[in-house]
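Topology and contacts: notes
Spelled out, the chains give:
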Amino acid sequence: MSDIKKFMYINRRAPYGTVYAWESLEVVLIGAAFDQLVSLAFIDDGIYQIMKGQDTSQLGIKNFSPTYGALGDYGITNIYVEKESLEERGLTLDDLIPLKYEDENDNYAEKDSIKVVTASELAKILEEQEVLLDF
Amino acid sequence: MPIEVNGKTMETDEEGYLADLNQWEPAVADVMAKLDDCQLTDSHWEVINFLREYYEEYQIAPAVRVLTKAIGKKLGPDKGNSKYLYELFPYGPGKQACKYAGLPKPTGCV
């Protein structure tokens, strides 16, 4: 029982210039099989990973952004986006893919997974984690 | 080992998954099932079609745990359980059904 740990995956890089974003997403999905308490944070250019309307046709790389929509099915319901990173890029919550999950304890009501938090709020959340994985 | 489907040759990887997902057509599932000595029924097709829709939407093959839960929600609790799915796909509902559906090996199948 005590083997359940709080995992936080921090995503801070743009989605397609490096393999970090995709690697992170794969590790998150694979790791979800192990029944840990998993949260994700998107900060800095990592925010671009969950932006709406991605088109990779000119890059010759698969657009994996639809896969973030499956996170709710994998039991990942806490996705933190840093407010300052959004504002610095002139973005709002509306520019992000609306990630949702169904709450089993609330008659499968659909709820938002994304929570916009300030840098200082995020720092507190990070302090509560037992494992931090930085991508 | 390549498979023959309606006169076309299709490449597969060492585990029998289709190399080019775009080549998939329903006959692929029938040919693969025959290689496993398995006859596909409407119940198999419910799962295969579900997986194809899931892949279309999310671009991944769901882990078996996710598949089981999602099938239960869509097709009812009598189908959303491991026993039912393993009876249909004895080699593992994730791996075998994804293979027939032309999907890659499920993400999260360790």
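See the structure shown above.
Anyway, here's the lowdown on the structure attached to this text. (Residues numbered from 1 in each chain as written. Chains lettered and ligands numbered in written order. Predicted model: local features only at pLDDT ≥ 70, side-chain atom pairs only at ≥ 80, totals over all residues.)

As a further point, take the overall build of chain B. Secondary structure assignment for chain B yields five helices and two strands. When the helices and strands of chain B are placed in sequence order, the string is β-β-α-α-α-α-α. Here the C-alpha radius of gyration of chain B, 13 Å, is about what a compact globule of 110 residues would show, namely 13 Å. Going through the 110 residues of chain B one by one, you find that 30% of them count as buried. Residue pairs in contact within chain B that sit at least 24 positions apart in sequence constitute 51% of those at least 6 positions apart. (Helix = DSSP H or I, 4+ residues; strand = E, 2+ residues; numbered from the N terminus. Rg over C-alpha atoms; globule rule 2.2 N^0.38 Å. Buried ≥ 20, exposed ≤ 12 C-beta atoms within 10 Å, placed from the backbone. Contact = placed C-beta atoms within 7 Å.)

All right, on to the interface of chain B and chain A then. Opposite the 12 residues of chain B that make contact, chain A presents 12 residues. Put simply, the parts of the chain that give the side of chain B that touches chain A at least two residues each are helix H2 (42–58) and helix H3 (64–75) of chain B. Class assignment for the residues of the side of chain B that touches chain A results in seven nonpolar, three polar and two charged. (Nonpolar A, V, L, I, M, F, W, Y, C, P; charged D, E, K, R; others polar.)

Right, let's talk about unusual backbone geometry for a bit. Residues and elements named next belong to chain A. Unusually for a residue other than glycine, Asp-44 sits at a positive phi of about 50 degrees. Its place among the elements puts Asp-44 in the loop between strand E2 (37–42) and strand E3 (78–82). For Asp-44, a count of 16 C-beta atoms within 10 Å puts it in the partly exposed group.

The next subject is the sheet that holds strand E7 (residues 131–134) of chain A. All names here are of chain A. With parallel pairing, the five strands of this open sheet are ordered in space as E6-E3-E2-E1-E7. Among the strands making up the open sheet, the edge pair consists of strand E6 (114–117) and E7. Strand after strand, the sheet turns through a mean of 25 degrees between neighbouring axes, direction not considered. Note that E3 and E6 share four bridges and pair parallel. Paired with Val-81 across the strands is Val-116, a residue of E6. Strand contacts of helix H1 (residues 20–31): strand E1 (6–11) and E2, with the helix running at about 160 degrees to E1, the strand carrying the most contacts. Sitting on the sheet, helix H3 (residues 119–127) touches E1, E2, E3, E6 and E7, and the angle it makes with E3 is about 140 degrees. (Pairing = 2+ DSSP bridges. Axes fitted to C-alpha atoms, helices over the stretch in contact; angles between N-to-C directions.)

Residue and element names in this part refer to chain A. Helix length check: H1, at 12 residues, gives a terminal C-alpha distance of 16 Å against a target of 16 Å (1.5 Å per residue), a fit within 8%. Those residues of H1 lying buried are Ala-21, Ser-24, Leu-25, Val-28 and Leu-29. Each buried residue of H1 sits inside an arc of 130 degrees when the element is viewed along its axis, so together they form one side. If you follow the buried residues of H1, they end up packed against E1 and E2. (Expected span 1.5 Å × (residues − 1). Arc of directions from axis to C-beta.)

All names here are of chain B. Two numbers describe how H2 lies on helix H5 (residues 93–100): the axes approach to 9 Å, and their chain directions differ by 80 degrees. By the angle class used here, H2 and H5 are roughly perpendicular. Judged by residue contacts, Val-47, Ile-48 and Leu-51 of H2 engage Pro-93, Ala-97, Cys-98 and Tyr-100 from H5. Classifying every residue of the contact of H2 with H5 by side-chain character gives seven nonpolar, no polar and no charged. (Parallel < 35°, antiparallel > 145°, perpendicular 65-115°, else oblique.)

Don't take any of this as a statement about function, it's just geometry.
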